[in-house]
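# Structural overview
Listed below, chain by chain, are the residues.
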Amino acid sequence: MKKLKNEAELLKKAIDVGEKYAKNRGYKGFASTNSAKDKVEALYRLLVNDKLVHPLAVNDEDQPHMKHKLALWISKQLPADHPLNQ
């Protein structure tokens, strides 16, 4: 797994956009007590279920790989000239 430039910032953006996507899909939203770890896993599973990202191999389904997958997803959604893609 090759680390992306600005991966931490991309992950924050992915969580923000992912939460909005989940609410539009009918998900009631995350509570303020939900940890980032829970949000990452829930958003990853939602995006896999909706076939917006390819699922990870079973032995690779862990937090670092899920975070990386979300960062890749959002980097592809952002315009090419977006500062996070530079």
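Just above, that's the structure.
Source: prediction; values computed, not measured. Numbering of residues starts from 1 in each chain and follows the order in which that chain's sequence is written. Note on the predicted model: pLDDT of at least 70 is required for a residue's local features to be given, and 80 or more for side-chain atom pairs to be given and counted; whole-chain, interface and lining totals, by contrast, use all residues. Calculated side-chain values reflect all of the structure's heavy atoms, with hydrogen atoms and water omitted.

### Here we look at the overall build of the chain
We count a stretch as a helix when DSSP gives it H or I for four or more residues in a row; a strand needs E for two or more, and each element gets its number in order from the N terminus. Regarding its fold elements, the chain presents three helices and zero strands. In sequence order, the chain lays out its α and β elements as α-α-α. Just to be clear, the radius of gyration here is over C-alpha atoms, and the globule rule we use is 2.2 Å times residues to the power 0.38. A compact globule built from 86 residues should have a C-alpha radius of gyration of about 12 Å, and the chain, at 13 Å, falls within 12% of that. Overall, the C-alpha framework of the chain stretches about 35 × 30 × 25 Å when taken along its three principal axes. For the chain, the accessible surface area stands at approximately 5,800 Å², while carbon and sulfur atoms represent 52% of it. Asp and Glu are treated as the negative residues and Lys and Arg as the positive ones, with His and the ends of the chain left uncounted. Charged side chains are reduced to one point each, which is NZ for Lys, CZ for Arg, CG for Asp and CD for Glu. A gap of 2 Å separates the mean positions of the 16 positive and 11 negative side-chain charges of the chain. In these tables, accessible area is a Shrake-Rupley quantity obtained with a 1.4 Å probe, and a residue counts as shielded only by the protein chains included in the view.

### Brief notes about the pattern of salt bridges
Pairing of side chains with opposite charge becomes possible as their charged atoms draw close. By definition, a salt bridge exists where a carboxyl oxygen of Asp or Glu is found within 4 Å of a side-chain nitrogen of Lys or Arg. Scanning the entire structure with this criterion turns up five salt bridges. Note that arginine 25 and aspartate 50 form a salt bridge whose closest N and O atoms lie 2.6 Å from each other. With arginine 25 in the loop between α1 (7-24) and α2 (36-49) and aspartate 50 in the loop between α2 and α3 (63-77), this residue pair connects regions lying 25 residues apart in the sequence. Partly exposed describes any residue whose relative accessible area lies between the buried limit of under 20% and the exposed limit of over 50%, with all areas from a 1.4 Å probe on protein chains only and scaled to the type maximum. For aspartate 50, a relative accessible area of 21% puts it in the partly exposed group.

### What to know about the packing of α1 against α3
Axis lines are fitted to C-alpha atoms, over the contacting stretch for helices. Their N-to-C directions set the angle, which ranges from 0 to 180 degrees. Interaxial distance between α1 and α3 falls to 8 Å at its minimum, and their mutual angle equals 75°. In this view, α1 runs roughly perpendicular relative to α3, as classed from their interaxial angle. Contacts between α1 and α3 involve Glu7, Leu10, Leu11, Lys13, Ala14, Val17 and Gly18 on the former and, on the latter, Lys67, His68, Leu70, Ala71, Trp73, Ile74 and Ser75. Under the scheme applied here, ten amino acids are nonpolar (Ala, Val, Leu, Ile, Met, Phe, Trp, Tyr, Cys and Pro), four are charged (Asp, Glu, Lys and Arg), and all others, including Gly, are polar. Grouping the amino acids of the contact of α1 with α3 by side-chain chemistry returns eight nonpolar, three polar and three charged. Note on terminology: angles under 35 degrees are roughly parallel, angles over 145 are roughly antiparallel, angles of 65 to 115 are roughly perpendicular, and the others are oblique. Any two residues whose heavy atoms approach within 4.5 Å are treated as being in contact.

### Section: α3
With 15 residues, α3 should reach 21 Å at 1.5 Å per residue; the first-to-last C-alpha distance of 21 Å fits that figure. Looking only at α3, the buried set comprises Gln63, Met66, His68, Leu70, Ala71, Trp73, Ile74 and Ser75. Residues of α3 that are buried sit in contact with α1 and α2. Expected helix span is computed as 1.5 Å times (number of residues minus one).

### Here's the deal with the nonpolar core
One broad rule of soluble globular proteins: the nonpolar side chains tend to lie buried together. Grouped together as the largest cluster of nonpolar side chains are 20 residues, with contacts concentrated most on Leu10, Val40, Leu43, Leu70, Trp73 and Ile74. Elements with a minimum of two residues in this core: α1, α2 and α3. Residue contacts for valine 40: discarding those within four places in its chain leaves Leu11, Ile15, Gln63, Met66, Lys67 and Leu70. Residues enter a nonpolar core if they are buried and are Ala, Val, Leu, Ile, Met, Phe, Trp, Tyr or Cys, with the set joined through side-chain atoms within 4.5 Å.

All we've got here are geometric facts, nothing functional implied.
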